[in-house]
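# Geometric and topological summary
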Amino acid sequence: LGFGNMANVRVGKLPPLHWTSASGRLPMLPPVKQQVLTQVTSSNNGADDSVPTTNAQQALEFYGYRGPVLYALGLSDGKSQSADKNQDKNYWGVLRLDQTEGAAEGSSVSLFGYKGVDTKDLSTVKKTNNFFRIAPSANLRLGNLDIIGSFAYGEDDNWTITFSSKAVRNVFRGAVGQIGYLISPEWYTVVQYDVVDSPTSRSIDFNRVSPSIWYTPRENMRIGLIGRIDLQTTEGNASHTKELHEILVNIRTMF
């Protein structure tokens, strides 16, 4: 529902990071998620509305654009479910500044914030976890070169909401970096690096680099060869017993 550039409303399953400079929408490396806000789920994925920040959520969003500034405010129930036991709401906001002309046209910088409440009804008491996420990001576009970077910081004040009578605070930080270059109309290369670090919960640590090369034989088809190189060490993560390396082949086409 739109009222011009300044006031628009969206209702449905909406990804909170949609408008940011590192949104994940039409990603450079399609089969590989940006882990900076995907790896961490509120309340360690153990409560009524536990949800990664990147996931589409049942939400209401107000947004507007007055070049070069875009802004958005969202209201969400968190994880989608038929009967919502958690009556608290989650909120997010986005502020983005676009480069609308010149050699770097299409570039942008943005600031994203998300605040929520997760709950769990136990036999004796209702537990509550208040959490927040902050993520500044930037996208630089220069001719055939695209560079995207995002940093994230988050806290949960009751991370082990279902397992402990005492509130356990969790802190994490992370980053994602992507560099893509169009070698020719047929060939494209992308490298992505993801890192998540939590000094209080090593099980969510993540550290991988993903180089790839893509070939476009036709305008409606793209074929990619992707490597996933795990840089995590057993020393840094007690639950991580070995390095995990992958080679992926991805074919994308439209008819």
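Everything below is about the structure printed above this text.
One structure accompanies this document, and this report is about it. (Residues numbered from 1 in each chain as written. Predicted model: local features only at pLDDT ≥ 70, side-chain atom pairs only at ≥ 80, totals over all residues. Heavy atoms only, no water.)

## Let's talk about unusual backbone geometry
Note the following rule: Going along the chain from the N terminus, every DSSP run of H or I of four or more residues is numbered as a helix, and every run of E of two or more is numbered as a strand. Think of it in three bands: residues with accessible area under 20% of the maximum for their type are buried, residues over 50% are exposed, and the middle band is partly exposed, with areas taken using a 1.4 Å probe on protein chains only.
Look at the link from Gly-67 to Pro-68: it is a cis peptide, with omega at 5°. With respect to the helices, strands and loops of the structure, Pro-68 is situated in the loop between β2 (57-66) and β3 (69-76). The phi dihedral of Leu-26 falls on the positive side, at around 50°, and the residue is not glycine. One can find Leu-26 in the loop between β1 (8-14) and β2. Judged by its relative accessible area of 73%, Leu-26 is exposed. Positioned with a positive phi, Asn-45 is a non-glycine residue whose angle comes to about 60°. Its place among the elements puts Asn-45 in the loop between β1 and β2.

## Some points on the pairing of strand β10 (residues 206-218)
As a reminder of what qualifies: Should DSSP find at least two bridges between two strands, the strands are regarded as paired.
Sheet analysis places strand β9 (residues 187-197) next to β10, joined by ten bridges and oriented antiparallel. Bridging from a neighbouring strand, Trp-187 pairs with Tyr-215 of β10. Hairpin connection of β10 to strand β11 (residues 221-230): two residues between the antiparallel strands.

## Some words on the nonpolar core
Stated formally: Definition used in this section: a nonpolar core is a set of buried Ala, Val, Leu, Ile, Met, Phe, Trp, Tyr and Cys residues joined via side-chain atoms within 4.5 Å. Every residue pair with non-hydrogen atoms within 4.5 Å of one another is taken to be in contact.
Grouped together as the largest cluster of nonpolar side chains are 24 residues, with contacts concentrated most on Leu-37 and Phe-112. Secondary-structure elements contributing two or more residues to this core are β2, β3, β4 (90-98), β5 (108-121), β6 (126-142) and β8 (170-182). In this structure, Leu-37 is in contact with Leu-17, Pro-52, Thr-53, Thr-54, Phe-112, Arg-133, Ala-135, Ala-152 and Phe-172, ignoring residues within four places of it in sequence. Grouped together as the second largest cluster of nonpolar side chains are nine residues, Ala-22, Val-32, Tyr-188 and Trp-214 included.

## A word on the pattern of salt bridges
Keep this limit in mind: The term salt bridge refers to a pairing of a side-chain nitrogen on Lys or Arg with a carboxyl oxygen on Asp or Glu at a separation within 4 Å.
Following the criterion strictly, the structure yields eleven salt bridges and no others. Measuring nitrogen to oxygen at the nearest pair gives 2.4 Å for the salt bridge that ties Lys-89 to Asp-77. Placement of Lys-89 in the loop between β3 and β4 and of Asp-77 in the loop between β3 and β4 is noted, with a sequence separation of twelve residues between them. Judged by relative accessible area, Lys-89 falls into the partly exposed class, the value being 31%. A relative accessible area of 26% places Asp-77 in the partly exposed class. The partner of Arg-208 in a salt bridge is Glu-246, and the shortest N-O contact between them spans 3.1 Å. Note that Arg-208 is positioned in strand β10 and Glu-246 in strand β12 (residues 246-253), a separation of 38 residues in sequence. Using a relative accessible area of 10% as the deciding quantity, one classes Arg-208 as buried. Here the residues in one salt-bridge network are Arg-173, Asp-197, Arg-202 and Asp-205, joined through shared partners.

## Concerning the layout of surface pockets
We count it as follows: Both cavities and pockets are sets of points on a 1 Å grid over the protein atoms alone; in a cavity a 1.4 Å probe fits but cannot get out, in a pocket the set is open with protein on both sides within 12 Å along at least five of seven lines, and lining residues sit with an atom within 4 Å of a point. Grid points are joined across faces, edges and corners, and a volume is the space filled by probe spheres set on the points. Amino acid classes used here: Ala, Val, Leu, Ile, Met, Phe, Trp, Tyr, Cys and Pro are nonpolar; Asp, Glu, Lys and Arg are charged; the rest, including Gly, are polar.
The computed volume of the largest pocket comes to approximately 1100 Å³. Together, 42 residues line the largest pocket, and Arg-25, Leu-26, Pro-27, Met-28 and Arg-141 are the ones closest to its centre. Listed by contribution, the elements that provide at least two residues to the lining of the largest pocket are β4, β6, β7 (145-156), β8, β9, β10, β11 and β12. Grouping the constituent residues of the lining of the largest pocket by class yields 15 nonpolar, 18 polar and nine charged. If you add up the space inside the second largest pocket, you get close to 370 Å³. The wall of the second largest pocket is formed by 21 residues, among which Ser-23, Gly-24, Gln-34, Thr-38 and Thr-54 lie closest to the centre.

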